[in-house]
Amino acid sequence: MYLFTSRDPNQAVSGTFSYAMSCGCPIISTPIPHALEVLRDDSGIIVDFQHTAQLANGVNRLMGDESLMAAFRSNTLQRIVPSAWENSAIAHALLLQKVAGPRFGLNIFSKESKVVRHQVEKIALQSRLPVVNLEHVKKMTTDFGMIQFSKINQPDIDSGYTLDDNARALIAMCMHYESTGDQTDLAYLRIYLDFIQFCQQPEGDFLNYVDKAYLFTAQNSATNLADSNGRAIWALGYLISRRALLPTALVAAAKGILQRALLQVEGMHSTRAMAFVIKGLYYCNLEKKSLRNARLIKTLANRLVQMYRHESEQHWQWYEGYLTYANSILPEALLCAWLETGAEVYKETAEASFNFLLSRTFDKTGIKVISNQSWLYKGQESAVYGEQPIDVAYTIFTLGKFYDVFQNENYLHKMETAFNWFLGNNHLHQIIYNPCTGGCYDGLEEKQVNLNQGAESTLSYLMARLTMEKYLKTQTK
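**Q** Quick rundown of the overall build of the protein chain? Include the residues and the values.
**A** The secondary structure content of the protein chain amounts to 18 helices and 13 strands. Taken over the C-alpha trace, the protein chain has a radius of gyration of 25 Å; the compact-globule value for 477 residues is 23 Å, and the two agree within 12%. In terms of its C-alpha atoms, the protein chain occupies a principal-axis envelope of roughly 80 × 60 × 45 Å. Across the 477 residues that make up the protein chain, the buried fraction comes to 52%. Within the protein chain, counting contacts between residues at least 6 apart in sequence, those at least 24 apart form 60% of the total. Here the protein chain has roughly 21,900 Å² of accessible surface; of this, 52% comes from carbon and sulfur atoms.

Next comes the structure, spelled out in structure tokens:
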């Protein structure tokens, strides 16, 4: 904890006070203006000037209540986040835009990393891609797998592990290895692949939830695991598609797991599960064609098309009567199915449904994905707030795939717009990643950013970041 005592009621601010807030210290302070502004009932204790008894009572109260200490730490960090360097830069740019008006503009951080002044319609803030930082990914990874949740930036081992997160981690680390050739990535790939194998059951399907003692939890019986199974197949197929870069033993192990998993695929009917499987089999078939894989892709793609025909109407071109999470995976899967089979119906459905989704998530100011507070149902309005990094990241993946196929520059523009959501182009004008740890915050709420940096969010950001680098390289060639 941090104790601040001053005899001067006119002392305005304190540098060490700000440092203590940024370190997440619970604070006990005399009522200088700075303390009164940032410390409230939920983030600190105010004591009177020169009142030693109040100071002692405050210290004893905190030392005797760990839950209160934890709450103060979290709330204090929440107060200080808007003044982080990146957020401060955004705030200054917005202020300059407001003051300067439409006649003069300033581009900050151009692609050549120079500051360029010129007349434009308005001030445009252009951020360089953040440096790729695997610190938090590695911190969240044990010898067994990647931990599910994080309290702020500290892994929460009590949350256990999931197949979902380790499948995402396998893809993200494959992408990083492909981009950098970093040999240390291979050990992590083995950890994540071994975890997927650990979750596989004798019949070929997978369980999702594992506790810190490496035991499968009761949640596996209470939750639909179809999406988790599909996500595992996506990850396995992606790794296999990089067979030319990766050790033979790693690829062979992934093939063995995948072949057993495919025994369960034809029984899938969950939209996202089928989409994940289509992507995995499409990747698996990139270098070495398998008639079995092609047949399964066609079977699942036909089901998606039938769902689309059943649900879509003039103002609702979608596969279900609602938009939930990871929506863009559905049109992307059908586009992959078209690339694999050449069936025009897959391409037409993919384009129509993706255009509909983009119309619901992009406007002139940026991207605003479907709220997880209340999904968007046909004929209704969605909640305004509650955005998750996974949805922004999946949108970027799909835009990239559509650009690959159609070479439409509008898709690249939307990719940049979507990634800028992480960099502060959102309704709070705050960054959604942590440049110090490499983690990503868990969500954007109405009035604050969720500062926890769990596996799903961190891996979604990392994959989006690596995807952006790939397309920026393409543009510069």
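**Q** Describe unusual backbone geometry, listing the residues and the values that go with them.
**A** Of note, Ile152 is a non-glycine position whose phi angle comes to about 55°, a positive value. On the secondary structure map, Ile152 appears in the loop between strand E7 (147-151) and strand E8 (154-162). Among the residues examined, Ile152 registers a relative accessible area of 21% and is labelled partly exposed. Although it is not a glycine, Gln407 adopts a positive phi angle of roughly 55°. With respect to the helices, strands and loops of the structure, Gln407 is situated in the loop between helix H16 (389-406) and helix H17 (409-422). Judged by relative accessible area, Gln407 falls into the partly exposed class, the value being 48%.

**Q** Talk me through the packing of helix H14 (residues 329-341) against helix H15 (residues 344-361); I want residue IDs and the actual numbers.
**A** Following both chains from N to C, one finds H14 and H15 inclined at 155°, their axes separated by 8 Å at the closest point. Overall, the two elements H14 and H15 adopt an arrangement that is roughly antiparallel. For the crossing formed where H14 meets H15, the hand is left-handed. On H15, the residues that touch Pro331, Leu334, Leu335, Ala337, Trp338 and Thr341 of H14 are Glu344, Tyr346, Lys347, Thr349, Ala350, Ser353 and Phe354. Tallied by class, the residues present in the contact of H14 with H15 amount to 8 nonpolar, 3 polar and 2 charged.

**Q** Before we move on, could you go through the state of the cysteines and cite the residues and values that matter?
**A** According to the stated counting rule, one finds 0 disulfides in the structure shown. Residue Cys23 stays outside any disulfide, its sulfur separated by 5.4 Å from that of Cys25, the closest cysteine. We note that Cys284 lacks a disulfide partner, and the nearest cysteine sulfur, in Cys174, lies 13 Å from it.

**Q** Pulling in residues and values, what's your account of helix H4 (residues 66-80)?
**A** For H4, which comprises 15 residues, the first-to-last C-alpha distance of 21 Å matches the rise-based estimate of 21 Å (1.5 Å per residue) to within 8%. Among the residues of H4, Leu68, Met69, Phe72, Thr76, Leu77, Gln78 and Ile80 are the ones counted as buried. Packed against the buried residues of H4 are helix H1 (15-22), strand E2 (27-29), strand E3 (44-46), helix H3 (52-63) and strand E13 (449-450).

**Q** Which residues make up the environment of Thr248, and what are the values?
**A** Summarising the element assignment, Thr248 is placed in helix H11 (residues 248-261). Residue classification places Thr248 among the exposed residues on the basis of a relative accessible area of 67%. Between the C-alpha atom of Thr248 and that of Tyr411, which follows or precedes it by 163 residues, the distance is 36 Å.

Criteria and cut-off values
- Residues numbered from 1 in each chain as written.
- Predicted model: local features only at pLDDT ≥ 70, side-chain atom pairs only at ≥ 80, totals over all residues.
- Heavy atoms only, no water.
- Helix = DSSP H or I, 4+ residues; strand = E, 2+ residues; numbered from the N terminus.
- Rg over C-alpha atoms; globule rule 2.2 N^0.38 Å.
- Buried < 20%, exposed > 50% of the residue type's maximum accessible area, 1.4 Å probe, protein only.
- Contact = heavy atoms within 4.5 Å.
- Areas by Shrake-Rupley, 256 points an atom, 1.4 Å probe, with all protein chains shown as cover.
- Axes fitted to C-alpha atoms, helices over the stretch in contact; angles between N-to-C directions.
- Parallel < 35°, antiparallel > 145°, perpendicular 65-115°, else oblique.
- Left-handed = near helix turned anticlockwise from the far one by under 90°.
- Nonpolar A, V, L, I, M, F, W, Y, C, P; charged D, E, K, R; others polar.
- Disulfide = S-S within 2.5 Å.
- Expected span 1.5 Å × (residues − 1).

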